[in-house]
Each structure stands twice: as structure tokens, then as C-alpha cells.
Amino acid sequence: MASPSSFWSIASRQAMNSGLFLTKLYCFLHVTTNYLGFMAYAYGPSMTPTLHPSGSVLLAERISKRYQKPSRGDIVVIRSPENPNKTPIKRVIGVEGDCISFVADPVKSDKSQTIVVPKGHVFVQGDYTHNSRDSRTFGPVPYGLIQGRVLWRVWPFQDFGPLGPTPS
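Residues numbered from 1 in each chain as written. Predicted model: local features only at pLDDT ≥ 70, side-chain atom pairs only at ≥ 80, totals over all residues. Heavy atoms only, no water.

Draft legend 1. A look at the UniProt feature "transmembrane region" (unreviewed entry) in the chain. Feature annotation in UniProt places "transmembrane region" (unreviewed entry) on residues 21-43, given in this structure's numbering. Counting secondary structure, residues 21-43 comes out at 70% helix and 26% strand; the distance between its end C-alpha atoms is 35 Å. (UniProt positions renumbered as here; feature names shortened; annotations may be inferred. Helix = DSSP H or I, 4+ residues; strand = E, 2+ residues; numbered from the N terminus.)

Given below as C-alpha cells:
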């Protein structure tokens, strides 16, 4: 029969190995989601027809925002300037220095406005302009609020594939 001390020795060794594995897993996931890429969930009609209003799961990357500025047509995940707990997904329509003319509220009137996108900002807009809260509502978005650039649509699976910029 094994001695009690050998049982505790084996149990403590297994606990240490499990704890070490969990620590490594947590570090891997932390680095991956905070510095490389993450999964984003888009729902609602603002990006119709590009994304499904009932929900799309997307793969976004964080690397390019450190080394290059967003381009017109990129689909980006931003931290909402109105509510920091929300991360809407919008298309970049204008970059710093661009002169953007837009209809402020296409549902209620056809009055247009023109702005120049300030340095260090982008102008974002949903693809379905009649039902989207975007830069027309909250103004140009600073680069610091851009969380990542969308690369792939993962779900619904029948639409699996890359989501590159489209000409605007």
C-alpha cells in the first residue's frame, strides 16, 4: 500500500502542472485577444447588406492599427464615443483631411452637411444609412477608439470568407 506522503506528493505535482497549464493558457489568450485579434459580434441593420441584421460573427485584427492608418472602405470595430461599453462595427468613409458631405438625417429631411475630417480622426458610417448611428450622429472618431479591422466573416457559415474594403 502506498504511503500517504506519496499520495500528497503526486496530488501536489498534478495540481502544479494543471495550474501551470491554466496560467500558460490564460497568458496565450490574453496576448492573442489584446494584441493580435479577436472575435466581434455584429447585429442590427446598420451594416446591411454587408452583414446580417440578425447577427454576424467576425474575426478582427489589432496589428494593422499600430502600423498603418485605416483606409477608406475598411470595416472597423470602434469603441462608441457615446457609450464606451458598446463596440459598433462601421465602414470608414473618410480619413483625416477628407471633405465629407452627408445627409444628417435621411429619414426626416434631405438637409446636407459638409465637414472636414480632423487630423487623427476617421469618419465612419453604416452601409444602411437610413438606420445607423455613426459619425453623422457623434462626429469623426479618433484613431484611439478604433479597436481593430475586420478581416473575415465567420458566421453565418454560408457567408464564411474575407471582408475586404470596398471602393467608396
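Alright, that's what it looks like, and here's the rest.
Draft legend 2. Up close: the nonpolar core. Of all hydrophobic cores here, the largest spans twelve residues; its members are Phe-38, Ala-40, Ala-42, Met-47, Leu-51, Leu-58, Ala-60, Ile-75, Val-77, Ile-89, Val-150 and Leu-163. When residues of this core are traced back to their parent elements, those giving at least two are strand E1 (37-42), strand E2 (56-61) and strand E3 (75-78). Other than its neighbours up to four places away in sequence, Leu-58 contacts Phe-38, Met-39, Ala-40, Ala-42, Leu-51, Ile-89, Val-150, Trp-152, Arg-153, Val-154 and Leu-163. Membership of the second largest hydrophobic core comes to nine residues, among which are Val-92, Val-124, Phe-138 and Ile-146. (Core = buried A, V, L, I, M, F, W, Y, C linked by side-chain atoms within 4.5 Å. Buried < 20%, exposed > 50% of the residue type's maximum accessible area, 1.4 Å probe, protein only. Contact = heavy atoms within 4.5 Å.)

Draft legend 3. Up close: unusual backbone geometry. A cis geometry characterises the amide bond from Thr-48 onward to Pro-49, with omega recorded as 10°. Tracing the sequence through the fold places Pro-49 in the loop between E1 and E2. Between Trp-155 and the following residue, Pro-156, the backbone shows a cis peptide bond with an omega angle of 5°. On the secondary structure map, Pro-156 appears in the loop between strand E9 (146-155) and strand E10 (161-162).

Draft legend 4. Fine view of the environment of Lys-90. As for its position among the elements, Lys-90 is in strand E4 (residues 89-95). Lys-90 sits in the buried class, given a relative accessible area of 3%. Separated by 65 residues in sequence, Lys-90 and Leu-25 place their C-alpha atoms 32 Å apart. When neighbours within four sequence positions are excluded, Lys-90 is seen to be in contact with Ser-46, Met-47, Asp-74, Ile-75, Val-76, Val-124, Gln-125, Gly-126, Ser-132, Arg-133 and Asp-134. There is a polar contact of 3.0 Å between the side chain of Lys-90 and the side chain of Ser-46. In terms of polar contacts, Lys-90 uses its side chain to reach the backbone carbonyl oxygen of Arg-133, at 3.3 Å. (Polar contact = N/O pair within 3.5 Å; in protein donor to acceptor, adjacent residues only side chain to side chain.)

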